[in-house]
Amino acid sequence: MIQVENLRKIYRLGSVDVPALRGVNLSVKEGEFVSIVGPSGCGKSTLLYVIGGLTAPTSGRVLLDGVDLGDLKEGQRTELRKQKIGFIFQRFNLLPTLTAFGNIALASDIAGTLNGTTRSEMNSVIQMLGLQDRLKHRPGELSGGEQQRVAIARAVVNRPKILLADEPTGNLDTENSEVVLNMLKELNHKFRQTILMITHNPEVATYSDRIVNMRDGHVLDH
Amino acid sequence: MVNRMVFANLVTRPVRTLVAVMAIAVEVVLILMVVGLTSGLLEEVAKRTQGVGADIMVQPQTTSLFMGFTGAPMPIQIQDRLAQVPQVEAVAPVMLQMSTASGVSLIYGIDTESFDQVTGGFRYLEGRGLEQPDEVLVDDIFAHSQGLHAGDDLELLNHPLRLAGIVEHGKGARIFMKIDALQDMMGSVGKASVFFVKLSDPDHTGNVLAQFREILPNYQLRDMREYLSLMTSSNIPGLGNFINVMIGLAISIGLLVIFISIYSTVVERTREIGILKSMGASKKYIVNLVLRETTLLTILGIGTGIGLSYLVRSLIVHTFPTMTILLTGEWMLRASLIALATSLLGASYPALKATRQDAIQALAYE
């Protein structure tokens, strides 16, 4: 499903080159729930963004479903992201002006399936995440756990094949973290979505099928 | 969904929305007021001039359509030469003089007998006709604006005068006095600015004009039926340029404010744009979002601008009853299209900037 080959990414800060990824190799099978664990600055977020097509690698290859992202133009990468990838962020990244329902429906609108997605499909995700009573609230009126559940609903409403989660429990307390992680696990089982989760917390990583460790832009094992 | 997001953005940032709407409204008001004031003035002058009831107007060659800008260079003896032409029923010499005593007003110096023959005579609402050199007549609108009544004293052209009567408006000017008195005041004895000619049969206007051309080859001879259509800004030297400059100024204001408003919105919403990009929103989707928001702001601004224009017109006309402001559907449409084009132009760069933002940097934006 996800194939990463000798991936390198160098950021240029002024006149200084800062290598974030130094030849990463990684393979994730369809339906697998993989955690990438490592300390801050080890390149795990960069790896997630490159896999998600948000930024291009300096060298190396990323193949999603056999498609090499390097062969795609920016517009094509956007299209692929729209169809196949859902992002979950540590800071939730909900649009503050929209209600919870608006944030979830926005994903369907961008994917062009708002009219096609039946309300029952959207409802099943909303029910599963326990958001039915919070739909009319704006993000500012929701707790951190609720906001992250809305963000998950937004990420999965179009049934993307791949979920990329960047520290999804980083801003949550233990209780809400457990709720969110169990939901990710349930989504993985129920919809067979491939999940790649980044965390610096080894305890969080235990919810996944497999743990990949990263240090200084390298994958230590996979 | 995009509309919901656009609406939510406008509601969530009420001050920014209000500033942008008011900027567009000011643009629309400026355009409508400048055009409305000039066209209103022109139409009002034209209608009053037509209201004299003449069939032909004789003026010096170099005179402006907008009467009053010319002095009194024509010898009054022309009256007798014109009166001898068959079909001519009456010829009224009129001397024109601008007064700035109570706003800008046109004074007609008239020979009461011939002017009554051409116009059919005044309808007096108060007082009587002109008898003495120091007397004036004013129309009801001017009298109302100045709170004047028959018998009142007033000062015009630095001369103390007395109001003999108030007449119904619509016969050329708002202020009338005897032509010889005005000639004396202005040092133009024996001169006239214009001759109004009444024919026994208006169908002979063409023939009479042809004969006038033989007698007065170097004068401007106008068929009064064409006069109203000629009173447009394009026929008044410099006026078209003035209107274009003012419209340009209005456009500049609208363009700058919309640019700043949308640009600041895009900067403020950098993170949101990053979120949209991470969700797979295309450039087209983001540009559409920004331009729809601009269009909605513009529509609100246009509506507010048209409403404000009516309000401003009411205030101006209430304060200065002699002024006419013409708000036409045609210019409302033009002003709306100008405002819309200006806004979309002003928003296009910020919209493109939004699409070019790096998604990762945008997501990290605080």
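Quick look at the structure, then.

Conventions adopted
Residues numbered from 1 in each chain as written. Chains lettered and ligands numbered in written order. Predicted model: local features only at pLDDT ≥ 70, side-chain atom pairs only at ≥ 80, totals over all residues. Heavy atoms only, no water. Core = buried A, V, L, I, M, F, W, Y, C linked by side-chain atoms within 4.5 Å. Buried < 20%, exposed > 50% of the residue type's maximum accessible area, 1.4 Å probe, protein only. Helix = DSSP H or I, 4+ residues; strand = E, 2+ residues; numbered from the N terminus. Contact = heavy atoms within 4.5 Å. Buried area = accessible area lost by both parts, 1.4 Å probe. Salt bridge = Lys/Arg side-chain N within 4 Å of Asp/Glu carboxyl O. Nonpolar A, V, L, I, M, F, W, Y, C, P; charged D, E, K, R; others polar. Pairing = 2+ DSSP bridges. Axes fitted to C-alpha atoms, helices over the stretch in contact; angles between N-to-C directions. Parallel < 35°, antiparallel > 145°, perpendicular 65-115°, else oblique. Left-handed = near helix turned anticlockwise from the far one by under 90°.

### What to know about the nonpolar core
Right, so step 1: Judged by nonpolar contacts, the single largest core of 119 residues is most densely connected at Leu-47, Leu-106 and Leu-184 of chain A.
Right, so step 2: A per-element tally of this core places helix H2 (residues 14–50) of chain B first, with eleven residues.
Right, so step 3: Apart from the residues within four sequence positions on either side, Leu-184 of chain A is in contact with Phe-33, Ile-88, Ile-152, Leu-163, Pro-168, Ile-195 and Met-197 of chain A.
Right, so step 4: Counting residues in each nonpolar core, the second largest holds 24 residues, with Ala-46, Met-57, Leu-96 and Tyr-108 of chain B among its members.

### A word on the interface of chain A and chain B
Right, so step 1: With 27 residues of chain A at the interface, the matching set in chain B holds 26 residues.
Right, so step 2: For the pair chain A and chain B, the summed buried surface comes to about 2200 Å²; carbon and sulfur atoms form 65% of the total.
Right, so step 3: Looking only at chain A, the three residues that lose the most surface to chain B are Arg-91, Thr-97 and Ile-110 of chain A, adding up to 26% of its buried area.
Right, so step 4: Linking chain A with chain B are zero salt bridges, by the criterion used here.
Right, so step 5: Only helix H2 (74–84) and helix H3 (100–111) of chain A provide two or more residues apiece to the side of chain A that touches chain B.
Right, so step 6: Broken down by element, the side of chain A that touches chain B gets its largest block of residues, eight residues, from H3 of chain A.
Right, so step 7: Residues that form the side of chain A that touches chain B fall into these classes: 15 nonpolar, six polar and six charged.

### Section: the sheet that holds strand E10 (residues 218–219) of chain A
Residue and element names in this part refer to chain A.
Right, so step 1: Across the sheet, six strands lie side by side as E6-E7-E8-E3-E9-E10; this open sheet has mixed pairing. Each edge of the open sheet is held by one strand with a lone partner, namely strand E6 (85–88) and E10.
Right, so step 2: Across five bridges, the pairing between strand E3 (residues 33–37) and strand E8 (residues 194–199) is parallel. From the neighbouring strand, Phe-33 faces E8, where its bridge partner is Ile-195.
Right, so step 3: The strands that H2 touches are E6 and strand E7 (162–166); relative to E6, the one it contacts most, it runs at about 80°.
Right, so step 4: Lying on the sheet, helix H5 (residues 144–156) is in contact with E6 and E7; it crosses E6 at an angle near 170°.

### Section: the packing of H3 of chain A against H5 of chain A
For any two helices packed against each other, the geometry is given by the interaxial angle and the distance between the axes.
Residues and elements named next belong to chain A.
Right, so step 1: With their axes 7 Å apart at the nearest point, H3 and H5 run at an angle of 25° to one another. Judged on the interaxial angle alone, H5 and H3 are roughly parallel. Regarding H3 and H5, the two cross each other, and that crossing is right-handed. Where H3 abuts H5, its residues Ala-100, Asn-103, Ile-104 and Ala-107 lie against Val-150, Ala-153 and Arg-154.
Right, so step 2: Of the residues belonging to the contact of H3 with H5, the class tally is five nonpolar, one polar and one charged.

### Here's the deal with the pattern of salt bridges
All names here are of chain B.
Right, so step 1: Going through the model one piece at a time under the given rule, you end up with 24 salt bridges over all chains.
Right, so step 2: Here Lys-47 and Glu-43 are joined by a salt bridge, their closest N and O atoms 3.3 Å apart. Placement of both Lys-47 and Glu-43 in helix H2 is noted, with a separation of four residues, approximately one turn of the helix.
Right, so step 3: You can call Lys-47 partly exposed: its relative accessible area is 48%.
Right, so step 4: Arg-123 is paired through a salt bridge with Glu-168; the nearest N and O atoms lie 2.9 Å apart. Of the two residues, Arg-123 is situated in the loop between helix H4 (112–119) and strand E5 (124–127) and Glu-168 in the loop between strand E8 (159–167) and strand E9 (175–178); the sequence distance between them amounts to 45 residues.
Right, so step 5: By relative accessible area, which is 35% here, Glu-168 ends up partly exposed.

By themselves, these observations are geometric and do not establish any function.
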